[in-house]
Amino acid sequence: MRKIILLWFLFNAHSILAQTGITGFVKDNETHAVEFANILLFQSHDTLNLYKGAITDSIGFFKLTDVPTGKYRIKIQFIGFAEKKLWVEKQSNQNLETGIITLLTNNKILSTVEIKGKRDLIQKTTKGLVVNADAILAQQGGTAVDVLRNTPTIFVDAEGGVSMRGKSPLILINGRNSKLNNLANIPASSIEKIEIITNPSAEYDAEAESGIINIVLKKGKEEGLNGAFSTGLGYGAKGRFNSSALLNYKKKAWNVGFGYDNRLAERNRKATGDRINFNLPSQYFLTQRRNDDRNEETHNLRVNLDFENQKYILNAELLSAIENETNLETLFSTFEKQTREFNSKNRRFSEEIRKSNIYEGALTLQRKFKDKNKKLSFNLTSSFNRGTENTNIATNYLTTNNQETGTPFSQKTTFGEKSNIANARVDYAQRLGKGTLETGYKALFRSVDNDFGQEDKKNGIFQPVSSRTGKLQFSEGVHALYGQYKQKLEKWDFEVGLRAEQTINRGEIKSQAVNFNNSYLNLFPSINIGRNLIDNKSLRFVYGRRINRPSLGQLNPFTDITDSLTQRSGNPKLKPEIVDNFEISYGLDASNYSLLFKTYYRYGQNTILPFTELQPNGVLFTKLLNVGSTQTVGVEGILTYNPTKIWNGNVSLSIFNQAIDAGNIQAEVVNQVTSWNAKWLNDISIWKNGKLQIIGVYNAPAATIQGTRIAVYNVDLAFQQKILKSNGRIGVIITDILDTQQSGFTWNTPEFNFTRTFKIDTRAILITFAYTFKNNFKERASFTMQFTVLEKKRRRVSKKK
């Protein structure tokens with residue numbers, strides 16, 4: 001074999017030296033050439049997206065042509081062998097020779113062989129991170145919220161609120177704006193990956209103040225019939241159940257897929273509230289205790305049709321979701337005088353029923369060209385929501401020993417929504433000089449009709465409350481043009497872009513004489529510059545300007561009276577918030593660990609935040625306002641490690657200081673708090689096909705405009721065992737083992753002091769089972785490939801050579 005390789009070099013030396021690429025040979029541990037092995041080349045700063053690829057020939061030779069200088073990661077894959085990874089650095093325009101690369105075979109190969117290759121939990125890109133959802137075992141019986149809760153750099157409170165670097169991100173589903181963005185209703189088992197973009201470029205919507213979270217749902221792509229089924233059964237305070245099914249058939253140019261999932265859960269939430277009203281001696285102390293029993297039911301259906309030939313790629317997708325929720329809430333409120341004498345007490349019972357039906361369609365057409373840098377694509381999407389929310393409220397007045405007294409007070413509130421969000425987008429890219437010019441146009445349309453109503457029972461008859469009854473009609477259009485130029489040099493890469501967005505919206509409530517119109521044009525520059533350093537290190541600088549437009553919920557002036565003593569409403573006079581983001585990152589990749597370190601600065605003007613005032617009747621009223629400015633300075637670090645064959649994991653740490661200057665609202669309203677959060681995920685292979693995962697999360701208190709948010713922390717434990725020749729997986733999951741996960745806040749003002757906490761039944765045990773066939777929907781944490789005749793044939797061919 002060595003003689004053959006030597007002769008090949010003699011006859012082909014000239015052609016090898018003339019190429020500015022990477023060449024080498026692949027052999028097995030018996031010195032036989034490995035034919036048809038996949039050679040995958042990744043740039044050091046982007047280990048997710050494939051840069052180039054090749055296949056070994058009959059003597060195991062491969063060549064990757066037109067590879068510029070820089071650092072690269074090479075992966076060699078072939079069935080029957082363990083995946084091989086190595087780092088190389090091309091320091092000149094001369095051809096780089098890797099020499100002979102040896103793949104190790106499994107000595108226990110029988111008629112059927114199972115090969116396992118690990119898929120990283122986290123993969124970095126030039127714009128952020130990609131998280132493989134199935135690698136988080138502890139959330140396989142949960143939802144998208146649970147996956148994000150254990151995702152680096154993401155904060156999720158006990159109520160399911162998601163934030164990045166202290167602000168809410170833009171949520172996309174399959175890369176598009178969608179009405180299906182209720183993360184609590186997306187099962188984790190349906191998610192393929194989550195893309196976290198901390199500083200988006202000009203091609204993305206500017207409405208991403210703190211970044212973008214793009215949730216990519218699973219879809220089959222392999223030939224033939226493929227499918228998967230999973231189910232989970234659990235118990236917290238009450239029972240919960242979920243299941244999902246995926247089926248896909250691909251034949252040549254056509255691909256058809258079907259997906260269904262559901263989630264049924266009975267949840268319990270408890271809330272405590274303790275307030276001191278400094279200027280109300282007769283209502284000085286307020287004590288509130290609340291209990292919520294909630295039934296949740298969701299059903300999601302997805303159908304996709306794909307077609308691809310030499311010139312075009314066509315993708316069509318239909319989605320629908322049915323969401324039902326019933327919430328029974330009991331709230332006890334007790335007022336005491338400043339002398340601690342009893343003043344009043346009441347019990348407020350609310351029966352809230354929510355129903356929602358969502359339908360969405362998406363169509364994508366992409367034109368293929370011989371030049372891979374040239375691209376043309378068209379996208380059309382439309383998403384509809386039809387929902388209702390009806391609440392019956394009964395208030396009973398109580399004595400000190402909880403005996404009913406006086407006349408009960410009854411109320412009704414109604415809410416109906418008809419909404420639509422539609423996108424039309426065209427993107428074009430082509431080579432310009434040594435780089436690529438990308439440009440495009442996007443139109444985003446939103447329309448909402450909301451019917452609000454409140455009725456109070458008087459003299460035995462429910463009568464409308466005119467000030468809280470009406471119809472809100474809202475429409476918004478955002479037209480965007482962008483252009484960006486990117487290029488990869490010897491050790492540098494850069495991307496410079498500019499996005500222009502024209503926003504036009506209007507809202508009207510005829511019965512309330514409320515009318516608002518807004519029209520504004522904004523420019524959003526972006527810069528992304530990367531530098532490859534020595535020893536697999538990289539440095540990157542990113543700048544981007546973003547916008548936070550007031551949503552309909554933030555503009556809606558109707559008052560929520562679910563808690564009659566703590567009410568809130570939107571503000572139709574809100575202005576958009578403009579934010580400038582700066583970020584510097586440093587990356588290091590080694591054989592058994594990788595490190596990503598980021599430092600960032602964010603400055604926001606007209607920041608939208610809630611502001612609460614105490615009214616003379618003892619009611620706290622919260623309204624959204626534009627405060628002066630906020631400044632956030634922070635650092636983030638993610639360490640991924642693999643010290644042994646049986647143990648690997650990652651640790652992430654984020655520290656930031658947030659300063660809020662709201663002097664335009666109230667004199668000396670300035671709050672500054674340093675906060676931090678940490679997550680630690682460990683995977684331990686305890687025996688063959690058995691894996692244990694331990695996840696710890698801690699989020700320290702953070703600043704609000706009038707106080708601080710309390711700490712949130714939890715520990716999750718999961719075990720998974722592969723069965724049925726690794727086509728099946730059974731798991732046991734315990735979430736929030738210590739039952740510590742809760743959320744809340746403390747507000748301190750000259751008028752009042754208020755502390756409120758919320759505790760959901762987050763501690764639960766779940767048993768899950770999943771089964772796949774044709775190996776298409778394998779978990780991302782590990783994949784299985786089987787072969788029989790091919791392995792024997794390969795060995796016979798190798799021996800002949």
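Residues numbered from 1 in each chain as written. Predicted model: local features only at pLDDT ≥ 70, side-chain atom pairs only at ≥ 80, totals over all residues. Heavy atoms only, no water.

Chemist: Sorry if this is basic, but what is going on with the overall build of the protein chain here?
Modeler: Per the secondary structure count, the protein chain includes 4 helices and 47 strands. The buried share of the protein chain, reckoned over its 801 residues, is 51%. Counted over contacts in the protein chain with a minimum sequence separation of 6, partners at least 24 positions apart contribute 67%. Element-wise, carbon and sulfur atoms account for 57% of the exposed surface of the protein chain, whose accessible area totals about 36300 Å². (Helix = DSSP H or I, 4+ residues; strand = E, 2+ residues; numbered from the N terminus. Buried < 20%, exposed > 50% of the residue type's maximum accessible area, 1.4 Å probe, protein only. Contact = heavy atoms within 4.5 Å. Areas by Shrake-Rupley, 256 points an atom, 1.4 Å probe, with all protein chains shown as cover.)

Chemist: What am I meant to see in the pattern of salt bridges here?
Modeler: Note on pairing: side chains with opposite charge can pair once their charged atoms come close. For the coordinates displayed, the defined rule picks out 42 salt bridges. The closest approach of N and O atoms between R506 and E508, which form a salt bridge, is 3.8 Å. Bridged by salt links that share partners, the residues D205, E207, K442, R446, E476, R499, E501 and R549 form one connected network. (Salt bridge = Lys/Arg side-chain N within 4 Å of Asp/Glu carboxyl O.)

Chemist: Sorry, what's going on with the nonpolar core here?
Modeler: Most often, soluble globular proteins have nonpolar side chains that are buried together. L148, I154, L183, I191, I194, I213 and I215 are the most contacted members of the largest nonpolar core, which totals 35 residues. If you tally residues by element for this core, the top one is helix α2 (residues 144-149), at 4 residues. Those residues within four positions of I154 in sequence are excluded, and the remaining contacts are L148, V162, S163, M164, I196, I213 and K679. The next biggest cluster of nonpolar side chains, apart from the first, holds 18 residues, and it includes V26, V67, F78 and F81. (Core = buried A, V, L, I, M, F, W, Y, C linked by side-chain atoms within 4.5 Å.)

Chemist: Help me understand the sheet that holds strand β15 (residues 212-217), please; the structure alone is not making it clear to me.
Modeler: Neighbouring strands of a sheet are bound in pairs by backbone hydrogen bonds; such pairs are parallel or else antiparallel. One open sheet accounts for 5 strands, arranged β9-β10-β14-β15-β13; its pairing is mixed. What marks the edges here is a single partner per strand, and that holds for β9 (122-124) and β13 (170-173). Neighbour-to-neighbour, the strand axes of the sheet open up by a mean angle of 20 degrees, direction not taken into account. Of the pairings in the sheet, the one linking strand β14 (residues 191-197) to β15 comprises 6 bridges and is antiparallel in character. Looking at β15, one finds that I194 is bridged to I215. (Pairing = 2+ DSSP bridges. Axes fitted to C-alpha atoms, helices over the stretch in contact; angles between N-to-C directions.)

Chemist: Would you mind going over the sheet that holds strand β3 (residues 52-55) with me for this structure?
Modeler: The 4 strands lie next to each other as β3-β2-β5-β6, forming an open sheet whose pairing is antiparallel. The outermost strands of the open sheet, each flanked by one partner alone, are β3 and β6 (84-90). Recorded for the sheet is a direction-independent mean angle of 25 degrees between the axes of neighbouring strands. When strand β5 (residues 70-77) meets β6, the two strands line up antiparallel, connected through 7 bridges.

Chemist: Explanation requested: empty space enclosed by the protein in the structure shown.
Modeler: Empty space among the atoms becomes apparent when a probe as large as a water molecule is rolled across them. Applying the stated rule across the entire model yields 14 cavities of 30 Å³ or more. Of the pockets and cavities examined, the second largest cavity occupies roughly 310 Å³. In this structure, the second largest cavity is lined by 28 residues; those nearest its centre are Q140, S189, S230, R729 and A770. Elements represented by at least two residues in the lining of the second largest cavity include exactly β16 (224-235), β17 (239-251), β42 (712-723), β43 (728-735) and β46 (764-773). Of the residues assigned to the lining of the second largest cavity, the class counts are 13 nonpolar, 11 polar and 4 charged. (1 Å grid on protein atoms, 1.4 Å probe; cavity = no way out; pocket = protein on both sides within 12 Å on 5 of 7 lines; lining within 4 Å. Points joined across faces, edges and corners; volume = space filled by probe spheres on them. Nonpolar A, V, L, I, M, F, W, Y, C, P; charged D, E, K, R; others polar.)

Chemist: Can you help me understand the packing of aromatic side chains in this one?
Modeler: The geometry of an aromatic ring pair comes down to the distance between the two centres and the angle between the two planes. Scanning all chains against the criterion turns up 17 aromatic pairs. For the ring pair W254 and F307, a centre distance of 4.6 Å and an interplane angle of 50 degrees mean the geometry is tilted. Of this pair, W254 sits in strand β18 (residues 254-277) while F307 is found in strand β19 (residues 285-308), placing the two residues 53 residues apart along the sequence. When the centroid spacing of 4.8 Å and the interplanar angle of 35 degrees are considered together, the rings of W676 and Y698 count as tilted. With W676 in strand β38 (residues 670-687) and Y698 in strand β39 (residues 690-699), this pair connects stretches of sequence that are 22 residues apart. The partly exposed category is assigned to W676, whose relative accessible area is 37%. Feature note: the residues F278, Y284 and F285 constitute an aromatic cluster, connected by ring pairs. Above the face of the Y312 ring, R367 is positioned so that its terminal group lies 5.3 Å from the ring centre. (Phe/Tyr/Trp six-rings, centres within 6.5 Å; stacked < 30°, edge-to-face > 60°. Lys NZ or Arg CZ within 6 Å of the ring centre and 35° of its normal.)

Chemist: Would you mind going over the environment of V256 with me for this structure?
Modeler: Within the element layout of this structure, V256 appears in strand β18. V256 gets classed as partly exposed once you look at its relative accessible area, which sits at 40%. Taking the C-alpha atoms as reference points, V256 and F307, separated by 51 residues in sequence, lie 8.9 Å from one another.

Chemist: Just checking my understanding: could you explain a positive patch on the surface for this structure?
Modeler: On the surface, R386, K418, K471 and K510 cluster together into a positively charged patch. Tracing the sequence through the fold places K510 in the loop between β27 (492-509) and β28 (514-533). Look at K510 and you get exposed, because its relative accessible area is 67%. (Patch = residues over 30% accessible without salt bridge, like charges linked within 9 Å, V, L, I, M, F, W, Y side chains within 5 Å. Lys, Arg positive; Asp, Glu negative; His and termini not counted. Charge placed at Lys NZ, Arg CZ, Asp CG, Glu CD.)

Chemist: Which parts of the structure should I look at to understand the confidence of the model for the protein chain?
Modeler: Reading fine detail from the predicted coordinates is not recommended where pLDDT is low. Mean pLDDT over the protein chain works out to 85, with 90% of the residues at or above the 70 mark. Below a pLDDT of 50 lies the segment residues 107-118, which in the model reaches 33 contacts outside its immediate sequence neighbourhood of four places, other chains included. In the model, residues 775-801 has pLDDT below 50 throughout and makes 79 contacts with residues more than four positions away in sequence or in other chains. (pLDDT = per-residue confidence, 0-100.)

Chemist: Hey, could you run me through unusual backbone geometry in this one?
Modeler: Trans is the common state for peptide bonds, and a negative phi is the common state for residues other than glycine. Backbone geometry places N402, a non-glycine residue, at a positive phi of 70 degrees. For N402, the position within the fold is in the loop between β22 (375-398) and β23 (404-432). Positive phi outside glycine occurs at N606, with the angle close to 60 degrees. Summarising the element assignment, N606 is placed in the loop between β33 (593-605) and β34 (608-614).

Chemist: Looking at this structure, how should I read a nonpolar patch on the surface?
Modeler: On the surface, a cluster of nonpolar side chains totalling about 870 Å² of accessible area is made up of L225, L247, Y249, F258, L301, V303, L318, L724, Y771 and F773. Mapped by element, the contributors of at least two residues to the nonpolar patch are β17, β19 and β46. Looking at the element boundaries, Y771 is found in strand β46.

Chemist: How should the side chain of E296 be read in this particular structure?
Modeler: Its place among the elements puts E296 in strand β19. Its relative accessible area of 16% is what places E296 among the buried residues. Here the side chain of E296 touches R263 through a polar contact of 3.0 Å, side chain to side chain. Ignoring any residue separated from it by four or fewer positions in sequence, one finds E296 in contact with R263, L264, A265, R267, N324 and E325. (Polar contact = N/O pair within 3.5 Å; in protein donor to acceptor, adjacent residues only side chain to side chain.)

Chemist: Looking at this model, I keep getting lost on the side chain of S190. Mind explaining?
Modeler: When you line up the elements, S190 lands in the loop between β13 and β14. Among the polar contacts made by the side chain of S190, one reaches the side chain of D261 at a distance of 2.8 Å. Not counting residues up to four positions away in its chain, the partners in contact with S190 are L217, K218, S244, D261 and R302.

Chemist: Even after reading the chapter, I still don't get the environment of F769, so can you show me in this structure?
Modeler: Locating F769 in the fold gives a position in strand β46. When the C-alpha atoms of F769 and P525 are compared, they prove to be 48 Å apart, with 244 residues separating the residues in sequence. Residues contacting F769, with those up to four places away along its chain left out, are F229, S230, T231, I723, L724, R729 and I730.

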